[in-house]
Amino acid sequence: MESKSEWGSGVWAHLTTVRQRSPLVQCITNFVSMDLVANTLLSAGASPAMVHSVVEIPDFTPHVHALCVNVGTLTPDWLPSMKAAAELASKLGKPWVLDPAAVSCSRFRLKACLELVELKPTVIKGNGSEIIALSSASTGQTKGADSSHESTDAIEAAKSLALSSGAVVAVSGAVDIVTDGKRVIGVRNGTKMMQKITATGCSLAGLIAAFLAIDSLQPLEATVSAMSVFGIAGELGEAMSKGPASLRMHLIDSLYGLDETTVLNRVNITRLG
Ligand SMILES: Nc1ncnc2c1ncn2[C@@H]1O[C@H](COP(=O)(O)OP(=O)(O)OP(=O)(O)O)[C@@H](O)[C@H]1O
Ligand SMILES: Cc1ncsc1CCO
Ligand SMILES: [Mg+2]
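Right, let's walk through the structure included here. Residue positions are given per chain, counted from 1 along the sequence in the order it is written. Just so you know, chain letters begin at A and ligand numbers begin at 1, following the order they were written in. Selection of residues for local features in this predicted model requires a pLDDT of at least 70, selection of side-chain atom pairs for listing and counting requires 80 or more, and totals for whole chains, interfaces and linings are taken over all residues. For side-chain calculations, the full set of non-hydrogen atoms in the structure is used, while hydrogens and water are omitted.

Quick word on the overall build of the protein chain
Only DSSP runs of H or I covering at least 4 residues are called helices, and only runs of E covering at least 2 are called strands; the numbering of each starts at the N terminus. On a plain count of helices and strands, the protein chain comes out with 11 helices and nine strands. Taken over C-alpha atoms, the radius of gyration is set against a globule rule of 2.2 Å times the number of residues to the power 0.38. Its C-alpha atoms give the protein chain a radius of gyration of 17 Å, within 12% of the compact-globule value 19 Å for 273 residues. Oriented by its inertia axes, the alpha-carbon framework of the protein chain measures out at about 45 × 40 × 35 Å. Partly exposed describes any residue whose relative accessible area lies between the buried limit of under 20% and the exposed limit of over 50%, with all areas from a 1.4 Å probe on protein chains only and scaled to the type maximum. Counting over 273 residues, the protein chain shows a buried share of 57%. Contacts are assigned to residue pairs with any non-hydrogen atoms lying within 4.5 Å of each other. Within the protein chain, counting contacts between residues at least 6 apart in sequence, those at least 24 apart form 71% of the total. Surface exposure here means Shrake-Rupley accessible area, sampled with a 1.4 Å probe, where a residue is shielded only by the protein chains that are shown. If you sum the accessible surface of the protein chain, you get close to 11100 Å²; carbon and sulfur atoms cover 54% of it. Looking at charge distribution, the protein chain has the averaged site of its 22 positive side-chain charges lying 2 Å from that of its 24 negative ones. Only four residue types enter the tally: Lys and Arg on the positive side, Asp and Glu on the negative side; His and the chain ends are excluded. To locate a charge, take atom NZ for lysine, CZ for arginine, CG for aspartate or CD for glutamate.

Some thoughts on the site of ligand 1
Lining the immediate surroundings of ligand 1 are 19 residues, of which N127, S172, D176, G201 and C202 lie closest. Think of a polar contact as two N or O atoms within 3.5 Å of one another; within protein, one of them needs to be a possible hydrogen donor and the other a possible acceptor, and neighboring residues in sequence only count if both atoms come from side chains. Within the contact set of ligand 1, an oxygen atom lies 2.9 Å away from a side-chain nitrogen or oxygen of N127. The pocket and cavity definitions rest on a 1 Å grid over protein atoms only: a 1.4 Å probe that fits but cannot leave marks a cavity, an open set with protein on both sides within 12 Å along at least five of seven lines marks a pocket, and residues lining either have an atom within 4 Å of a point. Whether a molecule lies in a cavity or pocket depends on its atoms, and more than half of them have to be within 2 Å of the grid points. Here ligand 1 occupies the largest pocket. No other element matches helix α8 (residues 200–214), which puts four residues into the shell around ligand 1. Being near a molecule or strand, for a residue, comes down to having at least one heavy atom within 4 Å of it.

Here we look at empty space enclosed by the protein
The rolling of a water-molecule-sized probe over the atoms marks out the regions of remaining empty space. Grid points are joined across faces, edges and corners, and a volume is the space filled by probe spheres set on the points. Following the criterion strictly, the structure yields one cavity of 30 Å³ or more and no others. For this classification, Asp, Glu, Lys and Arg are treated as charged, while Ala, Val, Leu, Ile, Met, Phe, Trp, Tyr, Cys and Pro are nonpolar and the rest, including Gly, are polar. Partitioning the lining of the largest cavity into residue classes produces two nonpolar, four polar and three charged.

Concerning the pattern of salt bridges
Each reported salt bridge corresponds to a side-chain nitrogen of Lys or Arg within 4 Å of a carboxyl oxygen of Asp or Glu. The full count for this structure, using the stated rule, is six salt bridges. Across the pair D35 and R248 runs a salt bridge whose closest N-O atoms are separated by 3.0 Å. Taken together, the positions of D35 in helix α2 (residues 34–44) and R248 in helix α10 (residues 244–257) put the pair 213 residues apart, joining distant regions of the chain. Take R248: its relative accessible area is 29%, and that puts it in the partly exposed class. Close ionic contact of R183 with D180 constitutes a salt bridge, the shortest N to O distance being 3.2 Å. Here R183 falls in the partly exposed class, since its relative accessible area comes to 28%.

A closer look at the site of ligand 2
The full set of residues close to ligand 2 is N30, V32, G72, A145, T198 and C202. Relative to its unbound accessible area of 290 Å², ligand 2 is 70% covered by the protein chains. Given that more than half its atoms are within 2 Å of the pocket grid, ligand 2 belongs to the largest pocket. Split by residue class, the shell around ligand 2 holds three nonpolar, three polar and no charged.

A word on the sheet that holds strand β3 (residues 66–70)
Strand order in this open sheet of nine strands is β2-β1-β3-β4-β5-β6-β7-β8-β9, and the pairing throughout is mixed. Single-partner strands in this sheet number two, and they are β2 (47–49) and β9 (269–271). Neighbour to neighbour, the strand axes of the sheet diverge by 20° on average, direction disregarded. One ladder, built from four bridges, connects β3 with strand β4 (residues 96–99); its direction is parallel. Within β4, the residue paired with V69 across the bridge is L98. Note on geometry: axes are C-alpha line fits, over the in-contact stretch for helices, and angles between N-to-C directions span 0 to 180 degrees. In this fold helix α6 (residues 128–136) packs onto β4, β5 (123–127) and β6 (168–172), with an angle of close to 120° to the strand it touches most, β5. Only strands that DSSP links by at least two bridges are regarded as paired with each other.

Details of the packing of helix α4 (residues 79–91) against helix α5 (residues 107–118)
At a closest axis distance of 10 Å, the pairing of α4 and α5 adopts a crossing angle of 15°. By the angle between their axes, α4 is roughly parallel relative to α5. Judged by the sense of rotation from one axis to the other, the crossing of α4 with α5 is right-handed. Counting all contacts with α4, which are made through L79, M82, K83 and A86, the residues of α5 involved are F108, A112, E115 and L116. For the contact of α4 with α5, the per-class residue count stands at six nonpolar, no polar and two charged. Working rule for angles: under 35 degrees goes down as roughly parallel, over 145 as roughly antiparallel, 65 to 115 as roughly perpendicular, anything else as oblique. Left-handed describes a crossing in which the near helix is turned anticlockwise from the far one by less than a right angle; the clockwise case is right-handed.

What follows is the structure in structure tokens.
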């Protein structure tokens, strides 16, 4: 999968399979993002379930095809659910995504994310600042959920986190970076205005979980495809929108309506290392 056209057919195949199989994706995500994550998954053809109570996890998690855990509005009450679901997913061989949202805002959140990393996420998806902070296990410098780094500033941190955790690491930004610690892939889809809609990164993490559900043996490729598809939906959405609020609506519509020709024409993926 090296040339642009080869990546394009892989991206389209992944999206088609998500639409056909409609994987069930359990999301334990933050309050801000629940609506957009669920709608993103539905528009892509997947089936979201925001099931987060610790008492339901033993019954429900064995039935899901993938899990997404996002610590954006973490409290001590929620952490046991996240850990229980992650542990069960790993034990049952189900792919799961960790989004270390705003990881550097407190020692509590950093420790929680480091403990979740120990439970072997398939993919860790953050913005540049989150991946740098998690990789170096440091708090402090923080803009909360927003990034103060370019994604490309986080390439070395992402590679090192991938090698130490065994996860594929995805860094969202102007260029989305995906690495397994050896290969580094850049996805240049999306638009700057996506940063002005809260929870687009969280939604992307949910979408990655859906793509992993249908190709869990190739987590790097599945992640690249999800990032490209989400970015293309943003590009098409922006062309129809007047600002962030209408982009949010048109992004969802564009994701729902994406066709093969558009995907093949717009996929912009290159190997960076
Ligand atoms: N400058 C940019 N150009 C193109 N696409 C961008 C740009 N910045 C972000 N994106 C896209 O926006 C989406 C969200 O990425 P972002 O890095 O803003 O997530 P995030 O910081 O985790 O967001 P949140 O925490 O609000 O969910 C991704 O699909 C990413 O590719
Ligand atoms: C704004 C915000 N604060 C905590 S989580 C979240 C959503 C984007 O990550
Ligand atoms: Mg985020």
